[in-house]
Amino acid sequence: MRTYVGGHEAVSATDFVELALGTPVELWLGVEGESEEERAARLDAARDILADFPSLPDEVSRIAAEVIEAHAPELFNVVPLVRPTVRRHRFRKGAAA
């Protein structure tokens, strides 16, 4: 199954998120080993984007909910469980003949 966002194919989950957001994921999550200056610059850029697009968090939540709904069985590997039948043994008093 192929997923397209804005005419571009999303080959991985990261591609999908980047195409949906219009920004790299690292902008929001950061990168390992970033300095305090890099972190401050990244957070400033993220604040500017949110100031320009205040509806972005709502749109991202909506997109995430749609994807989860569309792919819930694969995401959660949902399998119905069958209840085992209960066998009750009858015990009789007395000696066997």
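Our subject in this report is the structure included herewith. (Residues numbered from 1 in each chain as written. Predicted model: local features only at pLDDT ≥ 70, side-chain atom pairs only at ≥ 80, totals over all residues. Heavy atoms only, no water.)

Comments concerning the overall build of the chain
Phase 1: In terms of helices and strands, the chain carries 5 helices and 2 strands.
Phase 2: Overall, the chain shows an N-to-C arrangement of helices and strands of β-β-α-α-α-α-α.
Phase 3: Among the 97 residues that make up the chain, the fraction classed as buried is 12%.
Phase 4: Sequence-distant contacts, at least 24 apart, represent 18% of the contacts inside the chain between residues at least 6 apart.
Phase 5: Of the roughly 8,900 Å² that the chain leaves accessible, carbon and sulfur atoms contribute 56%. (Helix = DSSP H or I, 4+ residues; strand = E, 2+ residues; numbered from the N terminus. Buried < 20%, exposed > 50% of the residue type's maximum accessible area, 1.4 Å probe, protein only. Contact = heavy atoms within 4.5 Å. Areas by Shrake-Rupley, 256 points an atom, 1.4 Å probe, with all protein chains shown as cover.)

Points about the layout of surface pockets
Phase 1: Counted as a void, the largest pocket has a volume near 290 Å³.
Phase 2: As for the largest pocket, its lining consists of 13 residues, and the residues nearest its centre are Ala13, Phe16, Val17, Ala64 and Val67.
Phase 3: Taken together, the elements giving at least two residues each to the lining of the largest pocket come down to helix H1 (13-21) and helix H4 (56-70).
Phase 4: With 5 residues, H1 is the single largest residue contributor to the lining of the largest pocket.
Phase 5: Within the lining of the largest pocket, the residues separate by chemical class into 11 nonpolar, 2 polar and no charged. (1 Å grid on protein atoms, 1.4 Å probe; cavity = no way out; pocket = protein on both sides within 12 Å on 5 of 7 lines; lining within 4 Å. Points joined across faces, edges and corners; volume = space filled by probe spheres on them. Nonpolar A, V, L, I, M, F, W, Y, C, P; charged D, E, K, R; others polar.)

Quick word on the side chain of Thr23
Phase 1: Here Thr23 shows up in the loop between H1 and helix H2 (25-29).
Phase 2: Residue classification places Thr23 among the buried positions, given a relative accessible area of 11%.
Phase 3: In this structure the side chain of Thr23 is engaged in a polar contact, spanning 2.7 Å, whose partner is the side chain of Trp28.
Phase 4: If sequence neighbours within four positions are ignored, Thr23 has contacts with Glu18, Trp28 and Ile49. (Polar contact = N/O pair within 3.5 Å; in protein donor to acceptor, adjacent residues only side chain to side chain.)

Let's talk about the pattern of salt bridges
Phase 1: A complete count under the given rule lists 3 salt bridges for this structure.
Phase 2: The salt bridge partner of Arg42 is Glu34, with a shortest N-O separation of 2.9 Å.
Phase 3: Overall, Arg42 belongs to the buried group, its relative accessible area being 13%.
Phase 4: Linking Arg47 and Asp44 is a salt bridge whose minimum nitrogen-to-oxygen distance equals 2.8 Å. Of this pair, Arg47 and Asp44 are both found in helix H3 (residues 36-52), 3 residues apart, which corresponds to roughly one turn of the helix. (Salt bridge = Lys/Arg side-chain N within 4 Å of Asp/Glu carboxyl O.)

Considering the environment of Ser12
Phase 1: Locating Ser12 in the fold gives a position in the loop between strand S2 (8-10) and H1.
Phase 2: For Ser12, a relative accessible area of 36% puts it in the partly exposed group.
Phase 3: Taking C-alpha positions, Ser12 is 10.0 Å from Arg2, a pair spaced 10 residues apart along the chain.

Some thoughts on the side chain of Arg42
Phase 1: Counting through the fold element by element, Arg42 comes out in helix H3.
Phase 2: With residues near it in sequence (within four places) discarded, Arg42 still touches Glu26, Leu27, Trp28, Leu29, Gly30 and Glu34.

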